[in-house]
Amino acid sequence: MSTSSKSLLVQGYEVVIGFETHAQLSTASKIFSRASTAFGAEPNTQACAVDLALPGTLPVMNKGAVERAIQFGLAVGSHVAEHSVFARKNYFYPDLPKGYQISQFEIPVVQGGRVEFFLGDEKKSVRLVRAHLEEDAGKSLHEDFIGQSGIDLNRAGTPLLEIVTEPDMRSSAEAVAYAKELHKIVTWIGICDGNMQEGSFRCDANVSVRKPGAPLGTRREIKNLNSFKFMQQAIDFEIRWQIEQIEDGFEIQQATVLFDPDTGETRAMRTKEDAADYRYFPDPDLPPLVIGRDWVERVRSEMAELPRVMAARFMADYGLPEYDATTLTQSQAMAAYFEAAAQACGQPKLASNWVMGEISKWLNAVEDCSFNEFAQIVPAANLAALITRISDQTISNSAAKTVFVELTHAPGTRFDSAFDYVDSIIEARGLKQMSDSGAMEALIAEVLAANEKNVAEYRAGKDKAFNALVGQVMKASKGKANPAQVNELLKKALG
Amino acid sequence: MALNAQDIARIAKLARLELDAAHSDRMLHQLNGFFDIVEQMNAVDTAGVEPLAHPTAVMEQVALRLRDDAVSEPNQREANQRSAPAVERGLFLVPKVIE
Amino acid sequence: MSQSMSNELHQLGVAELAAKLAAREVSSTEVTRHLLARAKAHPGLGAYLALNEEAALAQAQAADARLAAGERTPLLGVPLAHKDIFVTRDLPTTAGSKMLNGYFSPFDATVVTKLADAGMVNLGKLNCDEFAMGSGNDNSAYGPARNPWDAERIPGGSSGGSAAAVAARLVPAATGTDTGGSIRQPASLTGITGIKPTYGRCSRYGMVAFASSLDQAGPMARSALDCALLLSAMAGPDLDRDSTSLDHPAENFASNLMANNARQSFDKGQKSLNGLRIGLPKEFFGDGCAPGVQAAVRAALAEFEKLGATLVDISLPRTELSIPVYYIIAPAEASSNLSRFDGVKFGHRAAQYADLADMYQKSRTEGFGPEVQKRIMIGTYVLSHGYYDAYYLQAQKIRRLIAQDFQQAFTQCDVIAGPVSPTVAWKIGEKSDDPVANYLADIYTLSTSLAGLPGMSIPAGFGEHGMPVGLQLIGNYFKEAQLLGVAHQFQLATDWHTRAPQEFRT
């Protein structure tokens, strides 16, 4: 649990934040029906009889949803319950077809756990209370209808994992860092596609303030934060608003609030009378969920290394700085690619630079291309070969950028080896650095002879003249001279 | 446990039922009559007894069956919406939902 | 086909009809026509809510084709009708409620499909208490069903339409559902045979849900043998669609019975039930039962003794507690199951409303009848904050104790017997001012449902006002074959089950 440090106080108040995150699980079918969960279909074309709660329909549990819950539980070091129970949460809303949501109440599938991350230099650890399985509701559409709303139940029944933290966070920055780390975990282990615009990852922030040492203040819940940028804004506004209220002598009333990105403000939702009497009871249509220990162990054995662990390993084994290790482990695909390239060429820092640099730049420019798709185009072996040709001085760094662009056109599978492919490009574009020192010396001699004025200036003590000579040598070599070598030999020639 | 008129109003609201004064009164009377027979349950000592949610669980453990994650429901929107009160462009229409 | 045979057709039970169809003495089309006409000739019974003429005749013709091709399966070509709790694609499903007036389901209930696959012909949908809540079929939004033995009296409920149709010989068999006695009690009150199987035996997919942990589908017909034939087709795991359906292999419940039936000469002196211990719970034989009912039940038990059974005194000490326990659990589950009726996707929507909240309230208040509203109120209350532990949770705990009481009893006996209902059928409207009295009348059937055990009602004679009296038989889990066998032996030795009400013999 993070300690409250004076520097985090806002106008003398301590901020207390807890999160509830709803992650849509990446199953093909819904949690209790066999309709598709694919995003973007025409309204109600993916809402089958069970999803519509037609009379006589009953829920049947999706194994894939349970498997993903187990994966999450293991990833955060929690206890995966051997028996857990589905319960009905009863309330009326047009996007809730049955008039109740099937969720878990007293006995959730995942219990406890923690999420660790860095906030600046400081290591943080946020405790999880639980994570449970439940079904998503449909959507209400308000535009296009005057005085009415259109209900689309395609989303109804999509599996959700609701992840609940203890109120361990003490600043909006920490909260956002937590959310980003959680996002990374669920996408890394592949249980959620993390697409926040499509609503795959939605956060509710419970925010309260208190004077240090005082009991917990009344909290308000900011619902449906689905962008990290708005998350920070919303929480900051809410904190300031609550403090202002208290300073003005008003008590904070428990409420659910929405953030309006246009105004940058939070406002309370229309108050629901009978604040939440959900009348939870175990769903009689679903016997208890039993998860044997052997299932858990099988999932554990099949799980990929987690990002924090992998980052630590990259630092230890490859000597990478923390920044690189953290950046490279933003996705499994990127980390795997880096590692394959690094091992192939034996130059981990260079590999890291290329992945974080040119490759990331290329992906940003192209848009809509996943790292996995990129790896199909430029297999790690090709990058490794390119890096080798830099470090063995065959080509300069700038020439390598040109080669890289070529490499992004095709994987070059018709070549016997990555080296053959890379070398063929170097050859075809005439990018080979000059490395023959004899030839270089001859060239230098020519340049010196043609640039007597610069030589004189250099000998007179003007260092700039040296750079001018280097430039001339590079020009004369048509860019093929190895800059380091030029420097060395030119100094030698000048004496 | 005797109910009063406020209880009736609260429960009716939770259940989205509209009871006028006469109905409300009748409901109160009937419910209180009903809860008289329920009182005998309180006297029963159930310490250490697990609730029985699935009747046959008293014989053998009943565990939730899991199905494979596969899509097999085709688009049957028209048939599914055959008895819908109000539909436009595939959407169920309701009075405006205000948040 | 002769006129006399035509007149007799409706007197034939399922097994008899199947035999005649197999022998090509009569066609399914002829039987179907006959029964459709008969249904139309008795609208006052209030049994049918919808008749399936065109489709039924098409099904009958298809069955005839299969018969002509040589197919011989036990139910092929035999007509039946379905309680309007089972959803059907080609007929509306109302569940006896205004809420579902004109509702068309895009799918058939699993039980409906199974019986159709077995070659049965669906004549239509039968009246029932609204959402299966009631004991008299006087809670239907479409008018009461009437007892064929006395049109002023209830046929029982909630499967009142099914019982009336079978007793009046409008169909040889019908499906019913039983949550707290809704197959057994109407069977008892109308002098027919019905069985509620072990919870989880029949799929609940497509049954409009009342109380999920109690609802079960079952057959209603005029003999144990007929019920066995139907149950064999109805029962079986529905692993794909119903998570509470038990993965218990399908059984042919009729094979033993058929073997016995094949015995041409039945020796009345034969003690076919030698060794059978019949437990008589003292709580079922106390003061609460009408004298005429008691007498009929006692006489029936004497018959069992003649067949070699031994009567054993047992106790089910929490019998009386089953009333509050049931009337907490069932309404609680129902209140939640009925929340889907909100006027949004299907069902009744009010014609006038101010806004969304008003739409919900008006639609539900207009769509649900008073008994349903009452149970929703009870259910909502017992689940609400602060009351859950004292009511719902406590009831589920006592439920386990009740189930354990039965297990204890079954160490001393093989089947349990007693009355089904404390009285014979009462007059329509007689009890509606005293709904609690209605609940108390369920005392003999509720505990079986709470425990999830199989239970039957078989005709055992007549009581007050010349009205039928049923004998209840309760078995241990999955012992339907034993129950049906015991009932069958009784029906070989007696003829109560063959009696028909005067008006409906021809």
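Everything that follows concerns the structure shown earlier in this document.
Residues numbered from 1 in each chain as written. Chains lettered and ligands numbered in written order. Predicted model: local features only at pLDDT ≥ 70, side-chain atom pairs only at ≥ 80, totals over all residues. Heavy atoms only, no water.

> Would you mind going over the sheet that holds strand β17 (residues 281-282) of chain A with me for this structure?
Within a sheet, adjacent strands bond to each other through the backbone by hydrogen bonds, running parallel or antiparallel. Taken in spatial order, the 3 strands line up as β6-β5-β17 (chain A) in an open sheet, and their pairing is antiparallel. Strands at the two margins of the open sheet, each flanked by one partner only, are β6 (100-103) and β17 of chain A. Across 2 bridges, the pairing between strand β5 (residues 87-90) of chain A and β17 of chain A is antiparallel. By the bridge assignment, Arg88 of chain A is partnered in β17 of chain A with Phe281 of chain A. This element, helix α11 (residues 322-337) of chain C, spans β5, β6 and β17 of chain A of the sheet and lies at about 60° to β5 of chain A. (Pairing = 2+ DSSP bridges. Helix = DSSP H or I, 4+ residues; strand = E, 2+ residues; numbered from the N terminus. Contact = heavy atoms within 4.5 Å. Axes fitted to C-alpha atoms, helices over the stretch in contact; angles between N-to-C directions.)

> Please clarify how the interface of chain A and chain B should be interpreted in this entry.
Interface size is often expressed as the accessible area that is lost when the parts come together. On the chain B side, the residues contacting the 57 residues of chain A number 34 residues. Summed over both sides, the interface between chain A and chain B buries roughly 4,000 Å², with carbon and sulfur atoms accounting for 59% of that surface. For the pair chain A and chain B, the interface holds 0 salt bridges. For the interface between chain A and chain B, the tally reads 22 residue pairs in polar contact (both at pLDDT 80 or more). Only β2 (61-62), α1 (63-75), β10 (139-141), β11 (148-152) and β18 (289-290) of chain A provide two or more residues apiece to the side of chain A that touches chain B. By residue number, the principal contributor to the side of chain A that touches chain B is β11 of chain A, which donates 5 residues. In terms of residue class, the side of chain A that touches chain B is made up of 30 nonpolar, 15 polar and 12 charged. (Buried area = accessible area lost by both parts, 1.4 Å probe. Salt bridge = Lys/Arg side-chain N within 4 Å of Asp/Glu carboxyl O. Polar contact = N/O pair within 3.5 Å; in protein donor to acceptor, adjacent residues only side chain to side chain. Nonpolar A, V, L, I, M, F, W, Y, C, P; charged D, E, K, R; others polar.)

> Any chance you could explain helix α1 (residues 5-14) of chain B here in plain terms?
Since the α-helix turns once every 3.6 residues, residues separated by three or four places project in the same direction. Residue and element names in this part refer to chain B. Along α1, the residues that are buried comprise Asp7, Ile8, Ile11, Ala12 and Leu14. Taken around the axis of α1, the buried residues stretch over an arc of 160°, which confines them to a single face. N-cap assignment for α1: the residue whose side-chain oxygen lies 3.0 Å from the backbone N of Gln6 is Asn4. With its phi angle positive at about 55°, Arg16 sits one or two positions after the end of α1. (Buried < 20%, exposed > 50% of the residue type's maximum accessible area, 1.4 Å probe, protein only. Arc of directions from axis to C-beta.)

> What is the right way to look at the interface of chain C and chain B in this model?
Listed per partner, the contact involves 72 residues of chain C and 53 residues of chain B. In this assembly, chain C packs against chain B so that about 5,500 Å² is buried in total across both faces, 68% of it on carbon and sulfur atoms. Area buried by chain C at its contact with chain B is led by Met377, Tyr381 and Arg400 of chain C, which between them contribute 14% of it. Seen at the junction of chain C and chain B, the total is 2 salt bridges. Between Glu73 of chain B and Arg241 of chain C there is a salt bridge whose closest N-O contact spans 3.6 Å. At the level of elements, α11, α12 (356-367), α13 (370-383), α14 (389-409), α15 (435-440) and α16 (446-451) of chain C are the ones that each hand at least two residues to the side of chain C that touches chain B. Considered class by class, the residues forming the side of chain C that touches chain B number 39 nonpolar, 17 polar and 16 charged.

> I tried to follow unusual backbone geometry on my own but got confused; where do I start?
One can expect most non-glycine residues to show negative phi and most peptide bonds to be in trans. Along the chain, Gly157 of chain C connects to Ser158 of chain C via a cis peptide bond; the corresponding omega equals 5°. Along the chain, Ser158 of chain C turns up in the loop between β3 (121-126) and α6 (160-167). You will see that Asn44 of chain A, though not glycine, has its phi angle at about 60°, which is positive. Structurally, Asn44 of chain A can be placed in the loop between β1 (14-24) and β2. With relative accessibility at 3%, the residue Asn44 of chain A sits in the buried group. Residues other than glycine seldom take positive phi values, yet Ala53 of chain A does so here, at roughly 60°. In this fold, Ala53 of chain A is placed in the loop between β1 and β2. Overall, the relative accessible area of 0% leaves Ala53 of chain A in the buried class.

None of this, on its own, says anything about what the molecule does.
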